[in-house]
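Chain by chain, the residues:
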Amino acid sequence: MVAILAALAEHGSLQLAELSTLLDVSPATIRRDVASLAAQGLLSRTHGGVRSLGAAHELPVSLRDGWHRASKRAIAQLVASLVPPGRHAIALTGGTTTTEVLRALRQREDLTIITNSVGLALEAAGQGQSRVLIAGGVLRPNSLELVGNLAEATFRQINVGTAIVGSDGVSVSGGLTTHDEIEANTNHTMIERAQRVIAVADGSKVGQVTLARLARLDEIDVLVTDSTADSAELERIRQHGIQVHVVTIDAPV
């Protein structure tokens, strides 16, 4: 089913017969999967086909995990190299790219991991991180992040060396943006407590603007993305004083 959503993200709309051919699965399987995705509100059905709900629609994090995986892993490896040696506190927002960053840091035993993401905290515990601080709050099911006043109060009590921040869009016009205003406010509090902010975004998110701003462009220090990103937008971001790192990948995966 993720493959259907990925195809729609690329093409916008497709006929069921086109999907069947593109994904090399039977028409019966396509019809069943499309019906399931439509029931979950993840796509729109048309006469004989389907249509994407567009960039403004937020997919559950469980369905985003397989998208652009090669890009996210390459981004994560580069970000891991930017984390200073020695004892250091890093804060991570929820998201599939930040999770890959945590995995790339699995050999580091001198880190304090700070997050408001339930999934990321479990990942940190599973890889043996001994110092994990979870900011409490109200759970957002789509992102599995804890948000709101309680989470923000936790962040205000701590000092962060490096914040590693995912988003749904990064652009000169919008800064870092996401789909939910409360989540944006909570993650902005994390950013305010950090000495350095690294934004991570695969190329599909560069130039995109979604509903809620979580940081102005001048509040981030570094952007790490991939070679599928819009080069003109990256140059505009550089002109605002942001250090931009671009990892090379063959194609979006």
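Heads up: these notes are all about the structure in this document. (Residues numbered from 1 in each chain as written. Predicted model: local features only at pLDDT ≥ 70, side-chain atom pairs only at ≥ 80, totals over all residues. Heavy atoms only, no water.)

**Quick word on the overall build of the chain**
As a reminder of what qualifies: For helices the rule is a DSSP run of H or I covering at least 4 residues; for strands it is a run of E covering at least 2, with both sets numbered from the N terminus onward. C-alpha atoms define the radius of gyration in this analysis, and the globule rule sets the expected value at 2.2 Å times the number of residues to the power 0.38. Type-normalised accessible area, obtained with a 1.4 Å probe on protein chains alone, sets the label of each residue: buried when under 20%, exposed when over 50%, and partly exposed for intermediate values. By the convention used here, residues are in contact when the closest approach between their heavy atoms is within 4.5 Å. The method behind every accessible area is Shrake-Rupley, applied with a 1.4 Å probe, and residues are considered shielded solely by the protein chains displayed. Positive charge is attributed to Lys and Arg, negative charge to Asp and Glu, and no charge count is given to His or to the chain ends. To locate a charge, take NZ of a lysine, CZ of an arginine, CG of an aspartate or CD of a glutamate.
Looking only at helices and strands, the chain has 10 helices and 15 strands in total. For 253 residues, the compact-globule estimate of 2.2 N^0.38 gives 18 Å, and the C-alpha radius of gyration of the chain, at 19 Å, lies within 12% of that figure. Principal-axis analysis of the C-alpha atoms places the extent of the chain at approximately 55 × 35 × 35 Å. The buried share of the chain, taken over its 253 residues, is 50%. Put simply, of all contacts in the chain between residues at least 6 apart along the chain, 63% involve residues at least 24 apart. In the structure as shown, the chain presents an accessible area of about 11,600 Å², 50% of it carried by carbon and sulfur atoms. Averaged over its 22 positive side-chain charges, the chain has a centre that lies 3 Å from the centre of its 26 negative ones.

**Overview of the nonpolar core**
Where we set the bar: The definition of a nonpolar core used throughout is a set of buried Ala, Val, Leu, Ile, Met, Phe, Trp, Tyr and Cys residues joined through side-chain atoms within 4.5 Å.
Judged by nonpolar contacts, the single largest core of 31 residues is most densely connected at L176, L223 and I237. Put simply, the parts of the chain that give this core at least two residues each are β4 (88-92), α8 (149-156), β9 (160-166), α9 (181-192), β12 (194-200), β13 (212-215) and α10 (231-238). If near-sequence neighbours (up to four positions away) are discounted, L223 is found in contact with V170, A199, A201, L234, I237, I242, Q243, V244 and H245. L102, L111, L120 and V200 belong to the second-largest nonpolar core, a separate cluster that totals 20 residues.

**Observations concerning the sheet that holds strand β3 (residues 49-51)**
The cut-off we apply is this: Paired strands, as defined in this entry, are two strands with at least two bridges between them according to DSSP. Each axis is a line fitted through C-alpha atoms, taken for helices only over the stretch in contact, and angles between the N-to-C directions span 0 to 180 degrees.
Across the sheet, which stays open at both edges, the three strands sit in the order β1-β3-β2 with antiparallel pairing between neighbours. Unpaired on one side and paired on the other, β1 (13-15) and β2 (44-46) mark the two borders of the sheet. Averaged over neighbouring strand pairs, the angle between their axes works out to 25 degrees when direction is ignored. Along the sheet face, helix α2 (residues 16-23) touches β1 and β3 and points at about 90 degrees away from the line of β1.

**Description of the pairing of strand β14 (residues 222-226)**
The buried count for β14 comes to five of five residues, which makes it a mostly enclosed element. Alternating positions in β14 separate into two faces, V222, V224 and D226 on one and L223 and T225 on the other, with burial throughout. With three bridges joining them, β12 and β14 adopt parallel strand pairing. For V200, the partnering residue across the bridge sits in β14 and is V224. Where β14 meets strand β15 (residues 243-247), five bridges bridge the pair, whose relative direction is parallel. Looking at the pairing, T225 lines up with V246 of β15.

**As for a nonpolar patch on the surface**
Note the following rule: Without a salt bridge and with relative accessible area above 30%, a residue can belong to a patch; like charges are then joined within 9 Å and nonpolar side chains (Val, Leu, Ile, Met, Phe, Trp, Tyr) within 5 Å. When a carboxyl oxygen of Asp or Glu lies within 4 Å of a side-chain nitrogen of Lys or Arg, that pair is called a salt bridge.
Together, V118, L122, L139 and L144 line one region of the surface with nonpolar side chains, adding up to about 330 Å² of accessible area. Positionally, L144 belongs in the loop between β7 (138-140) and β8 (145-147). A relative accessible area of 34% means that L144 is categorised as partly exposed.

**Considering the pairing of strand β11 (residues 175-178)**
A regular strand places its side chains on the two faces of the sheet in alternate fashion. Two strands pair when backbone bridges link them, and strand β10 (residues 169-171) and β11 are joined in this way by three bridges, in the antiparallel orientation. Bridging across to β11, G169 finds its partner in T177. Hairpin geometry of β10 and β11 is characterised by an intervening segment of three residues between the two adjacent antiparallel strands. By the bridge criterion, three bridges tie β11 to β13 in an arrangement that is antiparallel. Of the residues in β13, the one forming a bridge with T178 is A212.

**Quick look at the environment of L5**
With respect to the helices and strands, the residue L5 is situated in helix α1 (residues 2-11). The spatial distance from the C-alpha of L5 to the C-alpha of R51 is 9.5 Å, given a sequence separation of 46 residues.

**As for unusual backbone geometry**
The phi dihedral of D24 falls on the positive side, at around 55 degrees, and the residue is not glycine. Assignment of secondary structure puts D24 in the loop between α2 and α3 (27-39).

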